[in-house]
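Breakdown of the fold
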Amino acid sequence: MYRFIPSKTVQMIRFSSLLTCVCIAGMIAMTANAESTTPDGAVSYAREILPILQQNCVACHRAKQAEGGLSLETVKALLVGGDSGVLWESTDPAASLLYTRLTDDNDPMPPEENTVGAKRLTENQLTRIRNWIAQGATIDQHSGADIDWQPVPETIRSSYSLAVSPDDQFVAVGHANRVELLDSRTGKVADTLVDDQLSQSGVADVDVIQAIAFSPLGDRIATGGYRTVRIWQRLPNTAEVPPALQRASGPVAFNPDHTAVAIVNAIGDVEVWDLESREKRISVPASASVADVAWGHQDSFVIGYETGDLAIHAATDGSPTAVLQLDHSIASVAQSPDGHTIASLGTEGQIRLFESQQPKPIPSLDAVKDATSIVFTSKNQLVVGSASGIATVIDHTSGKALHQFNHESPIVALATSHTNNRIATGGSDGQSKVWNLDDGKLLLTLSGDRKSRLRIQSLDDDLRREEAWLQTLEKQSEVLKKSLETEDAALAKVKEARENASKALAEKTKLRDETAKQIAATKVKIAEAKSQIEQANQTATKTEGLIATNKTQLEKTTAELQLLEKQAAMTTEEPAAKELANRVAEKKTQILAEQKTKTQSTEQLAAAKKLAAEANARVTAETAALEKQNAALVAAEKEVQAKQADLTERDQALVTTTKTRDLASLKIPEHQNIIRLRKNELGELKYRHTQLTANAALWPSVTSIAFSPDDLSIAVVDAKGGVRTFDGQTGAPIDRDQLSDSRSATFSSGAQWVDGDRLVVHDPFGPPQVIALQHRWKLIQSIGGIDSELIADRVTALDFRGDGESIAIGSGTPSRDGQVIIVATATGEVLRRFDNVHSDSVLAVRFSPDDRVLATASADKTIRLLDVQSEKVIGALDGHTHHVLSISWKNDGRILASGSADQTIKTWDVGTMQRIRTIGGFPDEVTSIAFIGDGTRVVSSTANGQVRVHESSTGAQVSATAAPGDFLFATGITADGTRVFSAGQKGSVNVWETEGLKSIGTW
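Residues numbered from 1 in each chain as written. Predicted model: local features only at pLDDT ≥ 70, side-chain atom pairs only at ≥ 80, totals over all residues. Heavy atoms only, no water.

Quick look at the sheet that holds strand β8 (residues 220-224)
With antiparallel pairing, the 6 strands of this open sheet are ordered in space as β7-β8-β9-β36-β35-β34. Looking at the sheet topology across the chains shown, the edges are occupied by β7 (211-214) and β34 (750-753). Sheet twist, expressed as the average angle between the axes of neighbouring strands with direction ignored, equals 20 degrees. Pairing analysis gives 4 bridges linking β7 to β8, with the strands arranged antiparallel. If you follow Ala211 over to β8, its bridge partner there is Gly224. (Pairing = 2+ DSSP bridges. Helix = DSSP H or I, 4+ residues; strand = E, 2+ residues; numbered from the N terminus. Axes fitted to C-alpha atoms, helices over the stretch in contact; angles between N-to-C directions.)

In structure tokens, the structure reads:
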């Protein structure tokens, strides 16, 4: 819960920075009271034991890495113990597994060689654990208020965080637990962020500030400390009104060196006050109502009266040196820097010039009939603004008109710079313009205000990004159409192949079936032949039996015939002989019949044998044919199976190709819907841009304008009491204020800088108003808190969402988990929570340019992409081999760059979630990284003080420089991409030009 190194990563800090960090930790981390025990002598688990365990044991004994089954991360886990049992069961330390393992020299804990920096416990630490166990091992709890936070000396100024405001005005830099706001142009401290509720004065947190973020409009700052995010708002500051101006009730004029001021008091007299001593020097009774006072020369001032009189007075004692009487009422007066020339502007637009108190007619001046304002730019030059919108520069020595500036609307105010040859014109169109007096060229147009300018710039970025996305999407539409055509062609080929396979299967199936029929027919023939053989054999057998019987019978009959013939030969008696003869004849007939039967049977036997032989021949032939047919059937079956398998494959291919084609077909309307939504969003952005741009141009008429003493700022007052300040070098809006009484902002009003911070606005009809143009930052909201459980630990990363209404916070318990939450800026309400996306502290969070995705980087070496709306992890970018310390989005929202303690930069394609490139060659950890403007270049800082610029598209180094001897932690870059700021262990801010990394200075 409390660590002794306040940097982003323990492992990355080398010995040189470790010394500073340990010194800081010794003063700001949780410390014990003088006796290191509670008042009653009991050892406190929360104050004494827990820090020892966390510092030396928890890295290896935690929920996600419980070596030996032991976790010391929570009280519950501590009481359960590990695989070897509970850590203590009695008040006997010698019987305690915890104490015996910590004091075991044979198998020391922590091990002598470990990768987490854990050390063997000291005798003092072991004594505390022994005493704690002996006292009953009581588990006491504490809150953040129990921590004995020690003040951080102002001499400790190490910087772990830095941010540049979106309007490029400020650089916010943390120095330990202090935060300073530096003017980005000069490096001067513009303000400090102070929480008056803290016991230590002048600080923003009790702990080191490791994260700072500006809101998109630059009007709020978020700082991250211990379990706390503070929101600071840029608010108008109450101006100290000099005593002289408190008495003023009309025009005001400062002498050239701003040491004195002339005012018109409530009765109408003119008083001169010393600004340093705050004492009135002189008082000049008024002869009439004062219209204006001019003090262009140190030794004299001029009073213009509404009655048309001009009175010149000595600045030392107020004595009048001359009174000039005009033939018209006076609206305003001007005095040249040398005091020899006075100009008056009449209420009807006429101008009168006096040189050495004598009228000096100049035709070029007399020609101006609609003059609205006058100002001397030098002892010889007078600038006249007119209602026609023309400002004329006149050399009153020669009487020549040198230049004319066309403001393009009636000019109502003029101002000249102090240190360079410039003139500002303010028009009724609400715009102010700055011109070069030498050549008459327009230098700057001052319009809008800071917030509207930032909103327009943001919309410009959104428009460019959306238009680029639409171009990409339109190109993808063509790709999708071609893909569909390709899929249609592929599907047609697959269908054709499937049809051919089906036909081939049908042909082979038909051939197989015909072969099967032939086999069946052959088998029938064989069966018939075999039946014939059987019948023939039966006939032959039967016939052979008949033949044998017939033979026997023939032999018997022949024998009987022979016997009868013998008897007949021997018988002579007629009757007997006749009978024998008849019997012989019968026998012969019988023999003939039997011989005929024999012949027939023999023929029948031969026929049966012949039939059997023929049938056998047919069986042999058909059997041979059957074998061939069976072989043909087997082959046909194989071909059918092959064709069936081919058809099955074709069917699957058809299903797959159809699905692929259908998906390709579905992608087109889905893609077209995305394009529709994007076009609608682009239309909305264009509408908002048009409205905002139009509104930004609709400012009330300018009533007065003034350069600051150093010319770095220009103040513009409008007819509705609005006061806008602009950067005198770039024309960028700085701030916008409002007069409490807009009646001071009349067309006859004047504005002058009291000093570099205060502006006085006055008119002839009432008291002037003094406003502080340097706003102050005030604490308006604290999110979380030391005693709150909202934020797990030190806040290590912050980023505002695009509308500034919510902010992402990165924190987490080191080596345990990473915490990412998005909270409402105004209320601190948790809007989104992403748990368990990292296994170690979150070191960077960045919203994508379109605010749809939050990228987070962690000490667990990974980057996660989180969908803000669905609260889902939509991408994991893995590849770094050490802590990821910084991330930055390219302005198109498609590429993310990351810097790591593994001494590399990696770029990632967010669409494909693939690494694009690794940029190596760094001599030390890459501690910060940022894309430069809208381009592809990235600037980075390293732990050995180097700053480099790389071309991310190629990985080539463009330029390099260094802050010798410094350990740089943070880098910031202006929105326009022209300057780079870095800070680190030394606490100084280094400034370079982005182009070539040329040094601007060190603050």
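That shown, we press on.
What to know about the UniProt feature "repeat: WD" (unreviewed entry) in the chain
Taking the numbering used here, the UniProt-annotated feature "repeat: WD" (unreviewed entry) corresponds to residues 404-445, 835-876 and 877-918. Annotation note: span residues 404-445, helix share 0%, strand share 57%, distance between end C-alpha atoms 17 Å. (UniProt positions renumbered as here; feature names shortened; annotations may be inferred.)

A closer look at the pairing of strand β15 (residues 300-305)
With 6 of its 6 residues buried, β15 lies for the most part within the structure. Side chains Ser300, Val302 and Gly304 project from β15 onto one buried face, and the interleaved Phe301, Ile303 and Tyr305 project onto a second face that is buried too. Strand direction decides the pairing type here: strand β14 (residues 290-297) and β15, joined by 5 bridges, are antiparallel. Paired with Val290 across the two strands is Tyr305, which belongs to β15. In textbook terms, the turn of a hairpin is the stretch between consecutive antiparallel strands, and for β14 and β15 this stretch comprises 2 residues. Across 5 bridges, β15 lies against strand β16 (residues 309-314) in antiparallel orientation. Residue pairing across strands places Val302 opposite Ile312, the latter belonging to β16. Between the end of β15 and the start of β16, which pair antiparallel, lie 3 residues, with Gly308 showing a positive phi angle near 100 degrees. (Buried < 20%, exposed > 50% of the residue type's maximum accessible area, 1.4 Å probe, protein only.)

Overview of the domain arrangement of the chain
According to the domain assignment, the chain contains domain 1 (49-135), domain 2 (159-237 + 783-878), domain 3 (251-364), domain 4 (366-448 + 699-767) and domain 5 (454-696). Computed over C-alpha atoms, the centres of domain 3 and domain 4 are 20 Å apart. The partner domain 4 presents 26 residues to the 30 residues of domain 3 that form the contact. Surface buried jointly by domain 3 and domain 4 totals about 2100 Å² across both partners, of which 62% is contributed by carbon and sulfur atoms. Counting the surface domain 3 buries against domain 4, the share from its top three residues, Phe254, Ile351 and Ser364, is 25%. There are 0 salt bridges connecting domain 3 and domain 4. (Domains from an automatic or database assignment. Contact = heavy atoms within 4.5 Å. Buried area = accessible area lost by both parts, 1.4 Å probe. Salt bridge = Lys/Arg side-chain N within 4 Å of Asp/Glu carboxyl O.)

With respect to the packing of aromatic side chains
Overall, the coordinates contain 9 aromatic pairs when judged by the stated rule. Plain terms: the ring middles of Phe170 and Trp777 are 6.2 Å apart, the flat faces sit at 85 degrees to each other, and that makes the pair edge-to-face. Here Phe170, found in strand β4 (residues 170-175), pairs with Trp777, found in strand β36 (residues 766-784); they are 607 residues apart in sequence, far enough to count as distant. Classification of Phe170 as buried rests on a relative accessible area of 5%. Judged by its relative accessible area of 6%, Trp777 falls in the buried class. These aromatic residues form a ring-pair network of at least three members: Tyr45, Trp88 and Trp132. (Phe/Tyr/Trp six-rings, centres within 6.5 Å; stacked < 30°, edge-to-face > 60°.)

Comments concerning the packing of helix α8 (residues 450-570) against helix α9 (residues 574-697)
Contact geometry for α8 and α9: axes closest at 2 Å, N-to-C directions at 175 degrees. Classed by the angle they form, the pair α8 and α9 counts as roughly antiparallel. Classifying every residue of the contact of α8 with α9 by side-chain character gives 53 nonpolar, 36 polar and 40 charged. (Parallel < 35°, antiparallel > 145°, perpendicular 65-115°, else oblique. Nonpolar A, V, L, I, M, F, W, Y, C, P; charged D, E, K, R; others polar.)

What to know about unusual backbone geometry
A cis amide bond links Met109 with the next residue in sequence, Pro110, at an omega value of -5 degrees. If you trace the backbone, Pro110 turns up in the loop between α4 (97-102) and α5 (123-134). A positive phi angle, close to 65 degrees, is found at Ser815, a residue other than glycine. Within the element layout of this structure, Ser815 appears in the loop between β38 (806-813) and β39 (817-824). In this structure, Lys861 is a non-glycine residue whose phi angle is positive, near 80 degrees. Along the chain, Lys861 turns up in the loop between β42 (853-858) and β43 (862-867).

Here's the deal with the packing of helix α2 (residues 45-56) against α5
One can describe the packing of α2 onto α5 by two numbers: an axis separation of 11 Å at closest approach and a directional angle of 125 degrees. Our classification of the angle between α2 and α5 gives oblique. Judged by the twist between their axes, the crossing of α2 over α5 is left-handed. Side by side, α2 and α5 meet where Tyr45, Glu48, Ile49, Ile52 and Asn56 of the first sit next to Gln125, Arg128, Ile129 and Trp132 of the second. Classifying every residue of the contact of α2 with α5 gives 5 nonpolar, 2 polar and 2 charged. (Left-handed = near helix turned anticlockwise from the far one by under 90°.)

Some details on the nonpolar core
In terms of nonpolar packing, the biggest core is built from 22 residues, with Leu72, Ile129 and Trp132 touching the most fellow members. Taken together, the elements giving at least two residues each to this core come down to α2, α4 and α5. Broken down by element, this core gets its largest block of residues, 5 residues, from α2. The residues contacting Ile129, other than those within four sequence positions of it, are Ile49, Ile52, Leu98, Tyr99, Leu102 and Leu121. (Core = buried A, V, L, I, M, F, W, Y, C linked by side-chain atoms within 4.5 Å.)

Things to note about the environment of Gly426
Relative to the helices and strands, Gly426 resides in strand β27 (residues 422-427). Owing to a relative accessible area of 0%, Gly426 belongs among the buried residues under this scheme. Distance from Gly426 to Asp718, taken between C-alpha atoms, is 9.3 Å for residues 292 residues apart in sequence. Ignoring anything within four residues of it in the chain, the contact list for Gly426 reads His407, Pro410, Ile411, Val412, Ala413, Gln431, Ser432 and Val702.

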